[in-house]
Protein chains: 2
Amino acid sequence: MPSSNVFQVPDTVTMDKIVSLARRRGFVFPSSEIYGGLGSAYDYGHYGVLLKENVKARWLEAMTRERDDIVALDSSIILHPRVWEVSGHVEGFTDPLVDCRFCKRRYRADKLDESECGSRPSKRPGETEKCDLTEPRQFNLMFETRIGALEESGQDAYLRPETAQGIFVNFKNVAQIARRKPPFGIAQIGKAFRNEITPGNFIFRTLEFEQMEMEFFVPPAEAEQWFRYWVEERLGWHTRYGVRASHLRVREHEADELSHYSTMTSDIEYLFPIGWSELEGVAYRGDYDLRVHTEASGTKLEWTDGEERYTPHVVEPAVGVNRSMLTFLVDAYDEEVVAERERTVLRLHPQLAPVKVAVLPLIPRKEEIVGKARALYEELRRAVVAEYDDSGQIGRRYRRQDEIGTPYALTIDEQTLEDDTVTIRDRDSLAQERIAMSGARAFVLDKLTEDWSSPKAA
Amino acid sequence: MPSSNVFQVPDTVTMDKIVSLARRRGFVFPSSEIYGGLGSAYDYGHYGVLLKENVKARWLEAMTRERDDIVALDSSIILHPRVWEVSGHVEGFTDPLVDCRFCKRRYRADKLDESECGSRPSKRPGETEKCDLTEPRQFNLMFETRIGALEESGQDAYLRPETAQGIFVNFKNVAQIARRKPPFGIAQIGKAFRNEITPGNFIFRTLEFEQMEMEFFVPPAEAEQWFRYWVEERLGWHTRYGVRASHLRVREHEADELSHYSTMTSDIEYLFPIGWSELEGVAYRGDYDLRVHTEASGTKLEWTDGEERYTPHVVEPAVGVNRSMLTFLVDAYDEEVVAERERTVLRLHPQLAPVKVAVLPLIPRKEEIVGKARALYEELRRAVVAEYDDSGQIGRRYRRQDEIGTPYALTIDEQTLEDDTVTIRDRDSLAQERIAMSGARAFVLDKLTEDWSSPKAA
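This one's a predicted model, so the numbers in the text were calculated from it and none came from an experiment.

The rules behind each value
Residues numbered from 1 in each chain as written. Chains lettered and ligands numbered in written order. Predicted model: local features only at pLDDT ≥ 70, side-chain atom pairs only at ≥ 80, totals over all residues. Heavy atoms only, no water. Helix = DSSP H or I, 4+ residues; strand = E, 2+ residues; numbered from the N terminus. Contact = heavy atoms within 4.5 Å. Areas by Shrake-Rupley, 256 points an atom, 1.4 Å probe, with all protein chains shown as cover. Lys, Arg positive; Asp, Glu negative; His and termini not counted. Charge placed at Lys NZ, Arg CZ, Asp CG, Glu CD. Core = buried A, V, L, I, M, F, W, Y, C linked by side-chain atoms within 4.5 Å. Buried < 20%, exposed > 50% of the residue type's maximum accessible area, 1.4 Å probe, protein only. Pairing = 2+ DSSP bridges. Axes fitted to C-alpha atoms, helices over the stretch in contact; angles between N-to-C directions. Expected span 1.5 Å × (residues − 1). 1 Å grid on protein atoms, 1.4 Å probe; cavity = no way out; pocket = protein on both sides within 12 Å on 5 of 7 lines; lining within 4 Å. Points joined across faces, edges and corners; volume = space filled by probe spheres on them. Nonpolar A, V, L, I, M, F, W, Y, C, P; charged D, E, K, R; others polar. Polar contact = N/O pair within 3.5 Å; in protein donor to acceptor, adjacent residues only side chain to side chain. Phe/Tyr/Trp six-rings, centres within 6.5 Å; stacked < 30°, edge-to-face > 60°. Parallel < 35°, antiparallel > 145°, perpendicular 65-115°, else oblique. Least-squares fit on C-alpha atoms with pLDDT ≥ 70 in both. Salt bridge = Lys/Arg side-chain N within 4 Å of Asp/Glu carboxyl O. pLDDT = per-residue confidence, 0-100.

(A) Local environment of the overall build of chain A. When helices and strands are counted, chain A shows 13 helices and 24 strands. Here the contacts in chain A between residues at least 6 apart in sequence split such that 67% fall between residues at least 24 apart. Carbon together with sulfur atoms contributes 46% to the accessible area of chain A, which is approximately 18900 Å² in total. Considering chain A, the positive charge centre built from 61 side chains and the negative charge centre built from 78 side chains are found 3 Å apart.

(B) Up close: the nonpolar core. Residues W59 of chain A together with W59 of chain B are the most contacted members of the largest nonpolar core, which totals 122 residues. Setting aside anything within four residues of it in sequence, one finds W59 of chain A in contact with A187, Q188, I189, M212, E213, M214, R234, W237 and V319 of chain A.

(C) How the structure looks around the pairing of strand 19 (residues 341-346) of chain B. Residue and element names in this part refer to chain B. Relative to strand 19, strand 18 (residues 333-338) is paired through six bridges, and the arrangement is antiparallel. Paired with D334 across the two strands is V345, which belongs to strand 19. What sits between the antiparallel neighbours strand 18 and strand 19 is a turn of two residues, in which A339 has the positive phi angle 50 degrees.

(D) The sheet that holds strand 22 (residues 408-412) of chain B, seen in detail. All names here are of chain B. Pairing is mixed in the open sheet, where five strands are placed in the order 21-20-22-23-24. Two strands bound the open sheet, and with one partner strand each, they are strand 21 (386-388) and strand 24 (432-436). Here the strands of the sheet are splayed against their neighbours by 25 degrees on average, with no regard to which way each runs. Bridging between strand 20 (residues 357-361) and strand 21 involves three bridges; their strand directions are parallel.

(E) Structural view of helix 2 (residues 46-65) of chain B. Taking 1.5 Å as the rise per residue, helix 2 of chain B with 20 residues should run 28 Å; its terminal C-alpha atoms sit 26 Å apart, in good agreement. Of all 20 residues that make up helix 2 of chain B, 17 are buried, and the element is covered over most of its length.

(F) Local environment of empty space enclosed by the protein. As enumerated under the stated definition, the model contains seven cavities of 30 Å³ or more in all. The volume enclosed by the largest cavity comes to roughly 180 Å³. Along the walls of the largest cavity sit 19 residues, with A41, Y42, E208 and F209 of chain A together with S76 of chain B positioned nearest its centre. Looking at the lining of the largest cavity, the element that brings in the most residues is strand 11 (residues 208-218) of chain A, giving three residues. Considered class by class, the residues forming the lining of the largest cavity number nine nonpolar, five polar and five charged. By volume, the second largest cavity amounts to about 100 Å³. For the second largest cavity, the lining is made up of 13 residues, of which S76 of chain A together with Y42, Y44, E208 and N322 of chain B are closest to its centre. Looking at the lining of the second largest cavity, the elements that each hand over two or more residues are strand 3 (42-44) and strand 11 (208-218) of chain B.

(G) How the structure looks around the side chain of R343 of chain A. Residues and elements named next belong to chain A. Tracing the backbone through its elements, the reader meets R343 in strand 19 (residues 341-346). Using a relative accessible area of 2% as the deciding quantity, one classes R343 as buried. In terms of polar contacts, R343 uses its side chain to reach the side chain of E336, at 2.7 Å. A polar contact is formed between the side chain of R343 and the side chain of D402, at a distance of 2.9 Å. Residues within four places of R343 in sequence aside, it is in contact with D334, E335, E336, V338, R399, D402, R425, R427, D428 and L430.

(H) Local environment of the packing of aromatic side chains. Counting across every chain of the model gives 32 aromatic pairs over all chains. Note on F171 of chain A and F184 of chain A: the rings are 6.0 Å apart at their centroids and 20 degrees apart in plane angle, and the pair reads as stacked. Here F184 of chain A lies in strand 10 (residues 184-193) and F171 of chain A lies in helix 6 (residues 171-178), a separation of 13 residues in the sequence. For the residue pair F171 of chain A and F184 of chain A, the accessibility class agrees, reading buried in each case. Geometrically, the ring pair formed by Y270 of chain B and F272 of chain B is edge-to-face, given 5.0 Å between the ring centres and 80 degrees between the ring planes.

(I) Summary view of the packing of helix 2 (residues 46-65) of chain A against helix 9 (residues 321-332) of chain A. All names here are of chain A. At a minimum axis distance of 10 Å, the contact between helix 2 and helix 9 shows a crossing angle of 105 degrees. With respect to helix 9, the element helix 2 is oriented roughly perpendicular. Judged by residue contacts, G48, L51, K52, V55 and K56 of helix 2 engage V321, N322, S324, M325, F328 and L329 from helix 9. The class makeup of the residues in the contact of helix 2 with helix 9 is six nonpolar, three polar and two charged.

(J) Expanded view of the relation of the copies chain A and chain B. Screw-axis analysis of chain A against chain B gives a translation of 0.0 Å along the axis, an RMSD of 0.1 Å, and a rotation angle of 180 degrees. Both chain copies can therefore be described as sitting about a two-fold axis. Of every C-alpha in chain A, the one belonging to T145 of chain A sits nearest the axis of rotation, 2.5 Å from it. When you check the interface residues of chain A against chain B, 99% turn up at the interface there too, and the contact is symmetric in its surfaces.

(K) Inspection of the interface of chain A and chain B at higher detail. At the interface, 84 residues of chain A touch 84 residues of chain B. At the boundary of chain A with chain B, the tally comes to six salt bridges. The residue D74 of chain A makes a salt bridge to K52 of chain B at a minimum N-O spacing of 2.4 Å. With five residues, the single largest contributor to the side of chain A that touches chain B is helix 2 of chain A.

(L) A look at the confidence of the model for chain A. All names here are of chain A. Of all residues in chain A, 94% attain a pLDDT of 70 or more, and the chain-wide mean is 90. Counting contacts from residues 1-10, a segment whose pLDDT is below 50, to residues more than four positions away or on other chains yields 18 contacts. In this model, residues 452-458 is a region of pLDDT below 50 whose contacts with residues beyond four sequence positions or in other chains number 18 contacts.

(M) Highlighting the sheet that holds strand 7 (residues 137-140) of chain A. Residues and elements named next belong to chain A. Spatial ordering of the open sheet is given by 6-5-7, a layout of three strands whose pairing is antiparallel. Each having just a single partner strand, strand 6 (106-108) and strand 7 make up the two edges of the open sheet. Within this sheet the neighbouring strands show an average axis-to-axis angle of 45 degrees, counted without direction. As judged from the three bridges shared by strand 5 (residues 94-99) and strand 6, these two strands associate in the antiparallel manner. Along strand 6, the bridge assignment pairs L97 with R108.

(N) Fine view of the environment of E414 of chain A. Residues and elements named next belong to chain A. Within the element layout of this structure, E414 appears in helix 12 (residues 414-419). On the accessibility criterion, E414 (36% relative accessible area) is partly exposed. Excluding residues within four positions of it along the chain, E414 makes contact with I363, K366 and I369. Engagement of the side chain of E414 in a polar contact is seen with the side chain of K366, the distance being 3.0 Å.

(O) The arrangement of the side chain of H293 of chain A in detail. Of note, H293 of chain A is situated in helix 8 (residues 288-297). Under the relative-accessibility criterion, H293 of chain A is labelled buried at 0%. In this structure the side chain of H293 of chain A is engaged in a polar contact, spanning 2.7 Å, whose partner is the side chain of Q165 of chain A. When near neighbours in sequence (up to four residues on either side) are disregarded, H293 of chain A contacts V83, V86, S87, Q165, F168, V169, G298, T299 and L301 of chain A together with I34 and Y35 of chain B.

Quick look at the structure:
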C-alpha cells in the first residue's frame, strides 16, 4: 500500500538516466575506459553480472526446465569456416556502406537519413557541400580471424554473428541423444559478434553481445501454427518478468526487411527511450539451414523414424541478453518523491533483482545490534543473494538498495534486542512491517517465490 | 550401504572412456563435425551445458555469495588493443615454433620431445632424415581480428587470451563502487582464446575456453600470506565438490616456467589420464599489471584513503571451466559389476550433477502409474532439475541415469497405487528405500543440501 505522499513522476525515463544509474551503481561501465574506450563495448560490474545471470537463468528455465521438448546446447564461437559459407553469411550478411572523403566518416548507405554528418552534425550526410560520399560498398558484418600458426599457413575463420548455426550443424548429434521427434527445440545462450558501423545507444546494440536463441524443429505443416505460438509465448515471458504489456508490441516484417534465410519474421518491439525498437525477433527459417548444410556436408540433417523422413522446418525466437537487460532496466526505472525527498527505484521483478534482501543494522557501532544483524545475514545468504550494509545513514542505505532494485530490506534496531523482531521494508510500496527475526528467512523466501504480477501501472 | 556384490573395478579411467561417455550421453561433441571438425574445438550438449553451468555457479558462489570481499565482473572479449600492448602480451605471450619443410607440420620448439613426427609417427620430429626443421620463430598466441569497416581503415584488435586484463583496467571503477579497501577481489568468468599449436587431449586444452579468474588485491606486505591462503582455499574447493584429495597435488613453478608477470606461481595439479597436469594456477602477479596500466594510461590504479596510498599487489587463482569439468568427469567416472552386470556411473557431487532426480514409471503403459509419476515429476521440477523417463526397461533407464550422474531415481509402481509410496534409489550405494510420495520432494531437497563428503575411496 503506497503511502499518500507517494506519487508517480511522469514517464521521463531517458537513456542518459539509465546510463548514469548503471554506471553509478556498477551495473555497466564503458569498456577499456582508461584507454579512451572502444566504441559500443561495455563491461558489466557486480550488479550487472548478477542481473544478467538472472535474465539468462530465467530464459533457460523457461526453455528447458519448465518444458520437456527443448534441450540445451553450447557450441563454439569459432566454428569451421565452411559453416558460414554454406549458411549464406559470407555472401549475404552485409551492410552497404559509404565513406565521406571529406570528414573521413563511414555511414550505412541505407541509414543516411538517421545519421549525423561528421562535419556538420545538424545536417544529414550528403546534405551539405562539406560531404563527399563514395558509392556504397557491401561490407560483411562478420569479424574475421585466423586459426593456428603464422600468417602463411593459417586457416581463415569467423567469430559467429549468431549462435543459431552451431545448433543446425549439431542437429543430428543432439536429436539422436535427446531421443525426441519434432516438434522439439534446441536452446543456446552465448556470445555473438557483429562488426557494425555506427552502433550505439548504450547496450542496445554492441559489437559483442550475448544471444539467447532457440531453434524449434517442427513438421512443415505445423510451422505457421508454431510460429504464432512462439510469438505469444515469448511475449508472455517478457511480461511475466515485469515488462509492461503496454510497452510491448508485435510487428511483422515487410518483405524487404527479411533476412536471407527467412520468409516470415515478427519482431517483439519495446518502447525504448529511443522509440519502438526490436527487443526480440521470431523468425520462420523454413528448412533453409538444415537443407543447405545437408547438401554441402553430405550429412543428412533430417528427421527419420522408419517410414517417416523429412527435413524439419525451423521457428526461431532470438533475443539479446544485453538488450533484454536494458529493457528490464528501463521498464523498472522509476523516480518518485516520498516525504518531500526524491528517490530513484528499480522496480525489478524479484527473480531478476541482483540482490534479494539487504540486512541493515540501524546503529552500526552497537555491538549487540551488529551481532544480531550478522547472524541474520549469515542465515539469509545461504538461501539467497543477500547484502549486509552498515555504511552511512539508514535513509541513504535504503536509497542505495532502491537504486539496485533490492525488493526487501531488513532493519535491526533497539527493539530487536528486546523482542527479536525486525522491520521488513518493501521496495515498491515502502510499507514497513515488524516480523519475528526467526521467521525472516521464510518470509523473504515466500515473497520471492510467490506469483508476482507487476505492481507498475500498465 | 553398498551391497556385497558391488566391487570396484581397478582404476582404469582412460581419456577414451571419458570421450566416449561424453559423446554417447550428449555432454560433449567435436565441434563442426559435419565439416570434418575443427581441431581442438568442442560443443557442449544438454548435460554438458547443465554440468558446466553448475561448475560455474559453484565457483561464483564460493567467490562472491559466500564471502564479503569479492565482487563479480564481466568484461568484453575484445578490449582496446592498447591493453595487450601494455600488459606485455603482444611482446611476450608467444610460443617458439618450428616448421618441417618435408611433412609441412608445425611443432612447438620447446616440446619437440613430446611430439610425433608427421611423416614417421614413431619418431620425434627431427629424429629422422624425413624431417627438415626450420629455425624456431616466436609466434604470438593471441587471435587477431579487426574492428569496424573495411580493411584499410579498421583497427587491429585481439581476442583476449585471459580474462584478467579486463579486471585490471576496470580496477578503479570497481573499487570505487564496491566501497572496499584491500584485501578485496574481483571475480570473472568468461571465454578466452589461445591460438595454440598441437593442443589436444579432449577438453583439457582447447583454442577457445572458459576461464574462472579472480584477482585478489592486497597490501604488498600481505601478499605472500594471501598467496598461500588462496592455494589452500582453491584446493579445498575442488575436494569440496568431490575430487579425491589423493588425485590433487600442489607444484611450485620453477623460475624458468614463470609467466612474464609473475614471480611466484603454484599449480594445483590433478592426476588426469594423461598424467599429473595443471588443473588450476595460483599466480602472484605483484603490482605488475596495475603499475603498467597506470603508467600507460595516466589513470592511477591504486588504493588511496586520505593518508594511505599504494598500488595493491595481486594474487590470482585461475582455472579453466572446461578443464575443471573434465576433472569432475574423470574423478567421478566409475565402472563396476553389480549382480553380474556391468554398469558405468558418474559419481558426481549432487550439486554438480546435471539432473538431480529422475522419475520413472515402472509400467509406462499403465494410466494410473503414469498419472502419479507425472504429478510427482511436475512437483519436483519446480524445485530442481528433474527428468521423466518412461522409455525402455527399468534397468536400462537406471543405467542411463547412472551414466549422466543423477544421484536419485524415484520409481512409481503397482504398490504406489495402493499406499502412495515410491522407491528411491541411491546412485552410489544402489540402496533402495520406500518412502511416502508426499515426502519425496523434501527427501530429495534434504539430500541435495546436506553436507556431502565423497563416498569414493581416497
